[in-house]
Amino acid sequence: ISIHERLFLNPFHKYWWFGMFPTQFALHLLLLVLVTYQVLIYLRKDIKHACHAGQHFSALFLGTPEGSTLLMHPRELQRDLSSAIHNIFAIDRVTFNDVYVVIDGERDPEVLPVKLVFRNRTSLTIDITRSDVLAKYEDPDANFLPHALPILYTDQIKHVEDISLSFELLEEVQLPLGSTPPKERFVWDISLEWDGTNVGRFAGRMNYHMGTDGKLSSPCHWLNLGVLAASLLSLVLIIKRIAESLHILYVIRTASGPSSSSGLSLQEELALFNRWWIMSALSHIMQLAATTDAMTRTDDVSWRFCLLGWSSFCTWLNICQYFESFPGYYVTFSTTSKGALSIIRYMASVMPILTAFMFLGTCNFWKARTFQDTTASYASLFSLLNGDMVHDAFNDLGDAGGWFGYLYVYVFIFIFIYIVLNVNITIIEEAYFAARMHSMQHESMHAMARMSSMGSSSSSLIDLGGQQDGSDAGGPQAELLHPPDGTVDSSRGATGSLAQPLLPVAATLGVASPAAPSPASAVDSSVRSANSSSALDRRWRRGSMSPRLLDNPRLAGALASVFPQEAPLTPLKPSLRSGVGAGARAASGANGRPRQAGDSGAAAARSSEDAGSGNLREFWLAALPRWTEQLMATPLPRRSEVPEDWELLERTIAAHLSAINQVSALLYMDVSRT
């Protein structure tokens, strides 16, 4: 296996053609299954219980399962605070599980401290006893709160800014029969607060952290060990691949001379490193962190859930890297990479306009619930520009600002929906078409190799001196690309070549194709084809190379120059310099006599060398520049003008891009060897 294939061939073709088991892919697939099962287990075992129990405790202590409430009247505050304190002391009577209150390490305490903060920044802590609460609560006409907190029943309540109390709950949950252990214990650290900072209301909310206090069951233990082992092994393989790429980069730079520069750009050097390795390493680090935390006792299960979520997210995202060598499945990432920068630049120019509307709306429509502060205004405008709550915005702003509110909504919708949103869609559409052209270019490279392996035994991918047998046109135009399925386009009366529509253009522009092969050039072509046949098999016929290599032909040339014994393409330096003469010399033995041809063949090769060299020079240095200039100056037709031929045009252009990439790789390889 060559250096190119080892670095850039996808694991599926490595296994298909070389028998190399895709260990990294197998580990990632195993981790995908294990991590998903791990998250589902903890979702069923802990997360669902935490969610439901949290709603239950919120209903007990705040009167609502939502976790927060707004109290607009003193009686509502008195009612909720009295109910919360009673339920804390009577927790064993109002819950379905075995729950115990713990305060300062004391189980079922007799005293509950309640802290009051006043608007002058002073504070007061009042201890409420269990006996007073339970004794008075048994009498329907009695209430303990006026005696414990009389300030809440006088006009002094206006000086209270905040009321809070904190405690712990120890919960024991009975697990299904046969579970080990039979019970699981959870520790709830709960804080209740009624915030009256905003005069005119008290905002009640419950903050809590749930921890575990128990041993894991056996299935979870073995599952976690499996995740640890697989993620560690995969991380070691990634580090090994990074080290290999660093070594190859060092060899390339060393071979380039004492300047410690490889002659490649930074982007071309970075192509040796797969960007997905960062995502793989990150996913394994998250898997290790989440699994390690899941195997230990924790005081805050929310952090465990957070780690499990990120671990699952990175694991599923990491599996997408194997679509890279199959452009049709990689279109989401290709479109994002090509359009993200343009979107960011455009949105940077739009943000001042959005901020201007935000401040205008906040200052003029603060009476509306959706524009009460800057955060709410930003959220409302973002929802509005995406087409959400349009009718609600008209009603709210119309009620708050009258005709000016309606005008505000009309102008905002016109600018951000009719202009901004559609420009964003256009940018993404252009990025999609660019990604599509990019994928077609890669597919055409693979199709060229497939066609070469199926029947083109007398020519290489880039054969500068010969015609296909039985063809009418020679040179690179006639052999750029054929349809992958080998079908014939009867509507055009041609052989089905995707380069066929460009041949008349080449003729009109005066592009001279290289001459038909003489006997000597046929010898040279067969020799060069024999020399490169196995190499072509190694690079193209054995699978799909990563776009990192296909998009950087100079890197491919540098690798072939530094590792000639592993080069997937034989350098055609002699043919680029002197045409068919190099092939005749390659066919000669050490004594100057040909290995497979007679003296007449060698004489014919020497006699046609000058003519072939002149013909190639005319094509590369005269005809091709003229053709390129004409292509750049000629406007493309509109898609509506040639709807039936548009896909053919796209594939033809992709084929030309592929051929240019091949020429660039060979040219750089020739220069680097000089």
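Residues numbered from 1 in each chain as written. Predicted model: local features only at pLDDT ≥ 70, side-chain atom pairs only at ≥ 80, totals over all residues. Heavy atoms only, no water.

A. Layout of the overall build of the chain. Across its full length, the chain holds 22 helices and eight strands. For the chain, buried positions account for 44% of its 674 residues. Taking the intrachain contacts of the chain between residues at least 6 apart in sequence as the baseline, contacts between residues at least 24 apart amount to 71%. Of the roughly 34,900 Å² of accessible surface on the chain, a fraction of 60% belongs to carbon and sulfur atoms. (Helix = DSSP H or I, 4+ residues; strand = E, 2+ residues; numbered from the N terminus. Buried < 20%, exposed > 50% of the residue type's maximum accessible area, 1.4 Å probe, protein only. Contact = heavy atoms within 4.5 Å. Areas by Shrake-Rupley, 256 points an atom, 1.4 Å probe, with all protein chains shown as cover.)

B. Molecular detail of the nonpolar core. By size, the foremost hydrophobic cluster in this structure holds 47 residues, and its most contacted members are F57, F61, I85, F167, L169, L192 and W194. Grouped together as the second largest cluster of nonpolar side chains are 23 residues, F357, A393, F412 and I427 included. (Core = buried A, V, L, I, M, F, W, Y, C linked by side-chain atoms within 4.5 Å.)

C. Inspection of unusual backbone geometry at higher detail. The phi torsion at R121 lies on the positive side, around 75 degrees, for a residue other than glycine. Looking at the secondary structure, you find R121 in the loop between β4 (111-118) and β5 (123-129). The class of R121 is exposed, set by a relative accessible area of 65%.

D. Geometry of the environment of L124. Topologically, L124 is positioned in strand β5. Setting aside residues no more than four positions away along its own chain, L124 makes contact with V114, K115, L116 and F118.

E. Looking closely at the packing of aromatic side chains. Taken as a whole, this structure holds 26 aromatic pairs when the rule is applied. Summarising the aromatic geometry, the rings of W188 and Y208 are spaced 5.3 Å apart at their centres and angled 45 degrees between planes, so their arrangement reads as tilted. Of this pair, W188 sits in strand β7 (residues 183-195) while Y208 is found in strand β8 (residues 202-212), placing the two residues 20 residues apart along the sequence. The class of W188 is buried, set by a relative accessible area of 0%. By relative accessible area, which is 30% here, Y208 ends up partly exposed. Here the aromatic rings of F357 and F416 are separated by 6.0 Å at their centres, their planes lie at 90 degrees, and the arrangement is edge-to-face. One end of the pair, F357, is in helix α11 (residues 331-364); the other, F416, is in helix α14 (residues 403-455), with 59 residues separating them in the sequence. Through a chain of ring-to-ring contacts, the aromatic side chains of F357, F365, F371, W403, F404, Y408, F412 and F416 assemble into a single cluster. One Lys or Arg, R107, reaches over the ring of Y100 and ends 3.4 Å from the middle of that ring. (Phe/Tyr/Trp six-rings, centres within 6.5 Å; stacked < 30°, edge-to-face > 60°. Lys NZ or Arg CZ within 6 Å of the ring centre and 35° of its normal.)

F. How the structure looks around the packing of helix α3 (residues 23-62) against helix α4 (residues 74-89). Running from N to C, α3 and α4 cross one another at 125 degrees; their axes reach a closest spacing of 7 Å. The orientation of α3 with respect to α4, classified from their angle, is oblique. Residues L60, F61 and L62 of α3 pack against D80, S83, A84, N87 and I88 of α4. Class assignment for the residues of the contact of α3 with α4 results in five nonpolar, two polar and one charged. (Axes fitted to C-alpha atoms, helices over the stretch in contact; angles between N-to-C directions. Parallel < 35°, antiparallel > 145°, perpendicular 65-115°, else oblique. Nonpolar A, V, L, I, M, F, W, Y, C, P; charged D, E, K, R; others polar.)

G. Summary view of the packing of α3 against helix α10 (residues 301-318). Close contact between α3 and α10 brings their axes to 10 Å; oriented N to C, the two are set at 150 degrees. Of the possible angle classes, the one that applies to α3 and α10 is roughly antiparallel. Once α3 is placed against α10, the crossing between them reads as left-handed. Of α10, the residues touching α3 (which contributes H28, L31, L32, V35, T36, Q38, V39, Y42, D46, I47 and A50) are R304, F305, L308, S311, S312, T315, W316 and N318. Looking at side-chain class alone, the contact of α3 with α10 contains 10 nonpolar, seven polar and two charged residues. (Left-handed = near helix turned anticlockwise from the far one by under 90°.)

H. Here's a closer look at the pairing of strand β2 (residues 98-103). Note that β2 and strand β6 (residues 160-174) share five bridges and pair antiparallel. Looking at the pairing, D98 lines up with E172 of β6. As defined by bridge partners, β2 adjoins strand β3 (residues 106-107) across two bridges and the pair is classed as antiparallel. Residue pairing in the sheet places V102 in a bridge with R107 of β3. Between the antiparallel neighbours β2 and β3 lie two residues, among them D104 with a positive phi of about 55 degrees. (Pairing = 2+ DSSP bridges.)

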